[in-house]
Structures are given as C-alpha cells and as structure tokens.
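The lines below spell out each chain.
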Amino acid sequence: MADTVLLQVRISSALVRRIDELCNEGLFRNRSEAISDAIRLLLAKYSKTSPEARATALYLSGRLGRVGNPEELVFTPGASRIELEEDK
Amino acid sequence: MIVIASDVLILHHLMLRSDSRWADNEEALRRLKGSMKGVTIYGLLDLVGAVSRYVGEKNGRELYLSYLRSEEHRILFPHHPDSWEEHIEDVMKYLGRGLSYKDALEALVLDNNPEVQLYLTWRTALADRIPVKTRTPRELLQQRTIT
C-alpha cells in the first residue's frame, strides 16, 4: 500500500455531497480516492504553468510579495537597430 | 494615478540613449520615482515583448516578474468580458475613433480604472481618442516646472 497521510481539511457540505454522488455512481471507491484524484489534477494544472503565469495568479489574488522598483532593471541591446512604434 | 505607456518604458529599459527623447524620458521617470504609477497589463506585455526581442527571453520574463512585484507600480487589468459579443461591444467604440486594436485594449483598461488621471506617452496622436488626458514626458516636465 502506498504511503499515505491523514489530512484534515474543511470542505463545504455542498462539495462533499457532489463528491458522494460521484462515489455512489461508482466513479470513485470512496471520498479519499475522489479527493486524491482532484489533487492530482490540480498539481498537473500548476506543473504546466510558467512562473510568470503563477505569479500573475498570485498578483491578482493579492498574495504576491511586493519589493523593489523594476525601473532599475535596464539592458544594453547589441548593435541591432531598435525602432519604436510610430506616432499614429 | 499616472499610467506609463510601453513606449516610455521601452525607451528606458532598453537605454535608447541615441533617441532624441531619451533625456526627457529619463528625467520624467526620475521625477515620478517614489510615487505609485500604473502600467496596464497590455503595456507591460508589450514591454516584455520588446525586451525579449532585443535582449532575450530570460530578461523579458525577469522584467515581467519584477513589475508584478514592484512596490511602485500597479498593474491594471481589464474587466474580463463574459462573451466575445460583450468584448466586441466594448472595443468597438475605441476602434471607431481610429485606434488600433492594441490601443483599444489599452483604452479599455484606462476606462475601467477611475483612479487613472493621466496617460504618459510619446504618442501624441492618442490625445482625445483615449478616455484620459495624455502627456508626453516632455510636457510633464514643463508642467511640473511651472507649478
């Protein structure tokens, strides 16, 4: 048997009812199996996203730490000619 | 709040010293240092594209993250439309004024954020076509010298 950990979490009763329905339909043997499957999906979703996408999600939720001023980050491009958009 | 357009930020971050606008661009940004400024998500992505193009993807990505984390900048996002119909309705009024689709998206964000007072850009042709007052960095410096 795989190494398992007992995890106590609070889930709304409405969600639990939906999970029980899926179990009753035979899609999962029990709540643990259904929730484990949901967590696998969640991990798969975030493993595919870039650090920029994850940071954007954190920013929008107000949970991204704020530090520094990006204007200090400047670059020196090589010899290539750079043209800004025309004023139109 | 002043919103800084991507042209001003591109001049700064790519250090385009040979551009005739460089000195005023830098001075205007220097004077705004320490105050909260806005950048639309479209303007920021435009900047990231330019930086990635000229100095590489890694630098572009780094710059994106540093703006999200900035203490001095707020990234302004648009209201997310429920449907394409709603989106077309939203942008059409700006397209009708002759704005490009990219500028129409920028204008939408400015419209959705009532705290935006000024849009800082070198593109004077945008004046009267976007929902807020525009100033070039040069005009901003003159205005601040007088007052």
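Residues numbered from 1 in each chain as written. Chains lettered and ligands numbered in written order. Predicted model: local features only at pLDDT ≥ 70, side-chain atom pairs only at ≥ 80, totals over all residues. Heavy atoms only, no water.

## Things to note about the overall build of chain B
And step 1. Looking only at helices and strands, chain B has seven helices and five strands in total.
And step 2. Tracing chain B from N to C terminus, the helices and strands come up as β-α-α-β-α-α-β-α-α-β-β-α.
And step 3. Rg of the C-alpha trace for chain B: 15 Å, near the compact-globule value of 15 Å for 147 residues, within the 12% margin.
And step 4. Principal-axis analysis of the C-alpha atoms places the extent of chain B at approximately 45 × 40 × 30 Å.
And step 5. Sorting the 147 residues of chain B into buried and exposed places 52% on the buried side.
And step 6. Of the side chains in chain B, 20 bear a positive and 21 a negative charge, and the two mean positions are spaced by 7 Å. (Helix = DSSP H or I, 4+ residues; strand = E, 2+ residues; numbered from the N terminus. Rg over C-alpha atoms; globule rule 2.2 N^0.38 Å. Buried < 20%, exposed > 50% of the residue type's maximum accessible area, 1.4 Å probe, protein only. Lys, Arg positive; Asp, Glu negative; His and termini not counted. Charge placed at Lys NZ, Arg CZ, Asp CG, Glu CD.)

## What to know about the sheet that holds strand β2 (residues 37-40) of chain B
Residue and element names in this part refer to chain B.
And step 1. In space, the five strands of this open sheet follow the order β3-β2-β1-β4-β5, with parallel pairing throughout. Across the chains shown, the open sheet's two edge strands, defined by having one partner strand only, are β3 (73-76) and β5 (133-135). In this sheet, adjacent strand axes meet at a mean angle of 35 degrees when their direction is disregarded.
And step 2. Bridge count for strand β1 (residues 2-4) against β2 is two bridges, and the pairing is parallel. Across the sheet, residue V3 finds its bridge partner in β2, namely G38.
And step 3. Relative to the sheet, helix α3 (residues 41-55) contacts β2 and β3, its axis offset from that of β2 by approximately 75 degrees. (Pairing = 2+ DSSP bridges. Axes fitted to C-alpha atoms, helices over the stretch in contact; angles between N-to-C directions. Contact = heavy atoms within 4.5 Å.)

## Focus on the interface of chain A and chain B
And step 1. With 30 residues of chain A at the interface, the matching set in chain B holds 39 residues.
And step 2. Surface buried jointly by chain A and chain B totals about 3100 Å² across both partners, of which 59% is contributed by carbon and sulfur atoms.
And step 3. Where chain A meets chain B, there are three salt bridges.
And step 4. One salt bridge in this structure joins K33 of chain B and E72 of chain A, with 3.9 Å as the shortest N-O distance.
And step 5. In this structure, the connection of chain A to chain B is made through 13 residue pairs in polar contact (both at pLDDT 80 or more). (Buried area = accessible area lost by both parts, 1.4 Å probe. Salt bridge = Lys/Arg side-chain N within 4 Å of Asp/Glu carboxyl O. Polar contact = N/O pair within 3.5 Å; in protein donor to acceptor, adjacent residues only side chain to side chain.)

## Remarks on the confidence of the model for chain A
And step 1. With 90% of its residues at a pLDDT of at least 70, chain A reaches an overall mean of 88.
And step 2. Confidence, expressed as mean pLDDT per element, reaches its minimum in chain A at helix α2 (residues 31-47) of chain A with 92 and its maximum at helix α1 (residues 13-24) of chain A with 96. (pLDDT = per-residue confidence, 0-100.)

## Looking at the pattern of salt bridges
Residue and element names in this part refer to chain B.
And step 1. Using the criterion set out here, one finds 16 salt bridges over all chains in the structure.
And step 2. For D24, the salt bridge is made with R138, and the minimal N-O distance between the two is 2.5 Å. Of this pair, D24 sits in helix α2 (residues 22-32) while R138 sits in helix α7 (residues 137-146), placing them 114 residues apart in sequence.
And step 3. Look at D24 and you get partly exposed, because its relative accessible area is 22%.
And step 4. The closest approach of N and O atoms between E72 and K37, which form a salt bridge, is 2.7 Å. Remark: K37 occurs in strand β2 and E72 occurs in the loop between α4 (57-69) and β3; sequence separation between them is 35 residues.

## A few points about the packing of α3 of chain B against helix α6 (residues 101-112) of chain B
All names here are of chain B.
And step 1. Where α3 contacts α6, the two axes come as close as 8 Å, and the packing angle between them is 135 degrees. Between α3 and α6, the interaxial angle falls into the category oblique. Across the interface between the two elements, Y42, G43 and D46 from α3 touch K102, L105, E106 and V109 from α6.
And step 2. Among the residues making up the contact of α3 with α6, the classes are represented as three nonpolar, one polar and three charged. (Parallel < 35°, antiparallel > 145°, perpendicular 65-115°, else oblique. Nonpolar A, V, L, I, M, F, W, Y, C, P; charged D, E, K, R; others polar.)

## Observations regarding α1 of chain A
And step 1. Along its 12 residues, α1 of chain A runs 16 Å from first to last C-alpha, staying within 8% of the 16 Å computed at 1.5 Å per residue.
And step 2. Once α1 of chain A ends, the next one or two residues include G26 of chain A, with phi positive near 90 degrees. (Expected span 1.5 Å × (residues − 1).)

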